[in-house]
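Spelled out, the chains give:
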Amino acid sequence: MDFRQLRQFVVLAAELNYRRAAERLHMTQPPLSVAIKRLEAEVGAALFERDRLGVRLTVAGGAFLGEARRLLEGADAALEVARDAAQGRVGTLRVCAVPSASLALLPRILPEFARRFPHIRLRLSSGSTVGILGELQRGELDAALLVPPASGVPGIAITGVGRQRLALAVPSGHRIASQRTAMLSDLAEDALVALAHSDSPGFASEIVAACQRAGFHPKVMQESSHALISLPLIAAGLGVAIVPEALRRIAIDNVAYVDLLDVSGEPLTYAMALAAHAGSMNPAVRWFMDTAREVLQARPA
């Protein structure tokens, strides 16, 4: 017995007419009749009654019909699951993001991704750019949102997704805490709490370059592994920090946020990118990358 025989039986049971059933099955009537007889021989019971009035299911045929349908539905479901898995529509996707992307970008990407691929299980984590790149290279992650490094990383495909705004985080008692905006040059004499170059060289380099364009070299007095850790240092009055604007969503005592402008009077920004292992065998990676690009391009921050 095979699935082809079961499908032939189910179609004939629905039509109760050999000619119409054969047409639906794209075959001629004699081979269908032979196939049904072989199936009956294998079952060991007559499944249809044939007389001058037509074709009817026997009691055995009626009992067999329900089970045959369940078997075919199960086979179809198995095929669909296998095809979806091959296309990346089911399975697990490991995604990591720097903290600012976790706050600002993932909440925009994930609802659409979940709508399109509801059977893909997401495993989310957060980390620094350098740590994320290492995990991607070792195959411990599938995709990531990070601040791109200044140069390429072997084995990693990196795609820019635009620039995000920066803000200034200062202690509540700081001289410019009550201002709505500040120029980057206003920070020339302030101690800066900076993101460590060893953790996010791309972000750290952008900050240093922006300060130099504003006419000063930043006085880095404290370093942190990522932007979130900078905030307790600011609250303690140990300096000011240039942080992703997404951190405004985090309320912390004794920290105020101020819009930050560059030398041209435009909002200060930093780059953001999607990254994945160039040789990833997980097809869900492509679906995530495509969805992220579409969402971020359609609704720029």
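Coordinates for the structure precede this section.
All values reported here derive from a predicted model rather than from experimental measurement.

Definitions and limits used
Residues numbered from 1 in each chain as written. Predicted model: local features only at pLDDT ≥ 70, side-chain atom pairs only at ≥ 80, totals over all residues. Heavy atoms only, no water. Buried < 20%, exposed > 50% of the residue type's maximum accessible area, 1.4 Å probe, protein only. Salt bridge = Lys/Arg side-chain N within 4 Å of Asp/Glu carboxyl O. Helix = DSSP H or I, 4+ residues; strand = E, 2+ residues; numbered from the N terminus. Expected span 1.5 Å × (residues − 1). Arc of directions from axis to C-beta. Phe/Tyr/Trp six-rings, centres within 6.5 Å; stacked < 30°, edge-to-face > 60°. Lys NZ or Arg CZ within 6 Å of the ring centre and 35° of its normal. Axes fitted to C-alpha atoms, helices over the stretch in contact; angles between N-to-C directions. Parallel < 35°, antiparallel > 145°, perpendicular 65-115°, else oblique. Contact = heavy atoms within 4.5 Å. Core = buried A, V, L, I, M, F, W, Y, C linked by side-chain atoms within 4.5 Å.

In this structure, leucine 16 is a non-glycine residue whose phi angle is positive, near 50 degrees. Judged by its relative accessible area of 34%, leucine 16 is partly exposed.

Quick look at the pattern of salt bridges now. Summed over all chains, the structure comprises 17 salt bridges. The salt bridge involving arginine 20 is made with glutamate 15; its shortest N-O contact spans 3.2 Å. Owing to a relative accessible area of 35%, arginine 20 belongs among the partly exposed residues under this scheme. Between arginine 115 and glutamate 112 there is a salt bridge; the shortest N-O distance is 2.6 Å. In this pair, arginine 115 and glutamate 112 are both assigned in helix H6 (residues 106–116), three residues apart and thus about one turn of the helix distant.

The next subject is helix H3 (residues 29–43). Taking 1.5 Å as the rise per residue, H3 with 15 residues should run 21 Å; its terminal C-alpha atoms sit 21 Å apart, in good agreement. Taken together, the buried positions of H3 are occupied by Leu32, Ser33, Ala35, Ile36, Leu39 and Glu40. Down the axis of H3, the sector holding all buried residues measures 160 degrees, keeping them to one side. Residues of H3 that are exposed and angled more than 90 degrees away from the buried face: Pro30, Lys37, Arg38 and Ala41. One or two residues past the end of H3 sits glycine 44, with phi positive at roughly 85 degrees.

What follows covers the packing of aromatic side chains. Per the counting criterion, the structure on display carries six aromatic pairs. Where phenylalanine 9 meets phenylalanine 48, the ring centres are 5.4 Å apart and the plane angle is 55 degrees; that geometry is what we call tilted. In this pair, phenylalanine 9 sits in helix H1 (residues 3–15) while phenylalanine 48 sits in strand E1 (residues 48–51), placing the two residues 39 residues apart along the sequence. In this structure, phenylalanine 9 and phenylalanine 48 share a single accessibility class: buried. An angle of 40 degrees between the planes, with centres 5.2 Å apart, marks the rings of phenylalanine 117 and tryptophan 287 as tilted. Of the two residues, phenylalanine 117 is situated in the loop between H6 and strand E4 (120–126) and tryptophan 287 in helix H10 (residues 284–298); the sequence distance between them amounts to 170 residues. Of the two residues examined, phenylalanine 117 and tryptophan 287, each falls in the buried class. The structure contains a cluster of three or more aromatic residues connected by ring pairs, namely Phe113, Phe117, Trp287 and Phe288. The aromatic ring of tryptophan 287 is capped on one face by arginine 286, whose charged end is 4.4 Å from the ring centroid.

Before going further, it helps to examine the packing of H1 against H3. With their axes 10 Å apart at the nearest point, H1 and H3 run at an angle of 110 degrees to one another. Taken together, the axes of H1 and H3 lie roughly perpendicular to each other. Along the contact surface, H1 presents Gln5, Gln8, Phe9 and Leu12, while H3 presents Leu32, Ala35, Ile36, Arg38, Leu39 and Glu42.

Of all hydrophobic cores here, the largest spans 65 residues; its most connected members are Leu168, Leu184, Leu187, Ile242 and Phe288. Among the elements that take part in this core, H10 stands out by supplying eight residues, more than any other. When neighbours within four sequence positions are excluded, leucine 168 is seen to be in contact with Ile176, Ala182, Leu187, Val240, Ala241, Ile242, Ala256, Tyr257, Val258 and Leu260. Core analysis: the second largest hydrophobic core is formed by 19 residues, Leu6, Phe9, Val55 and Phe64 among them.

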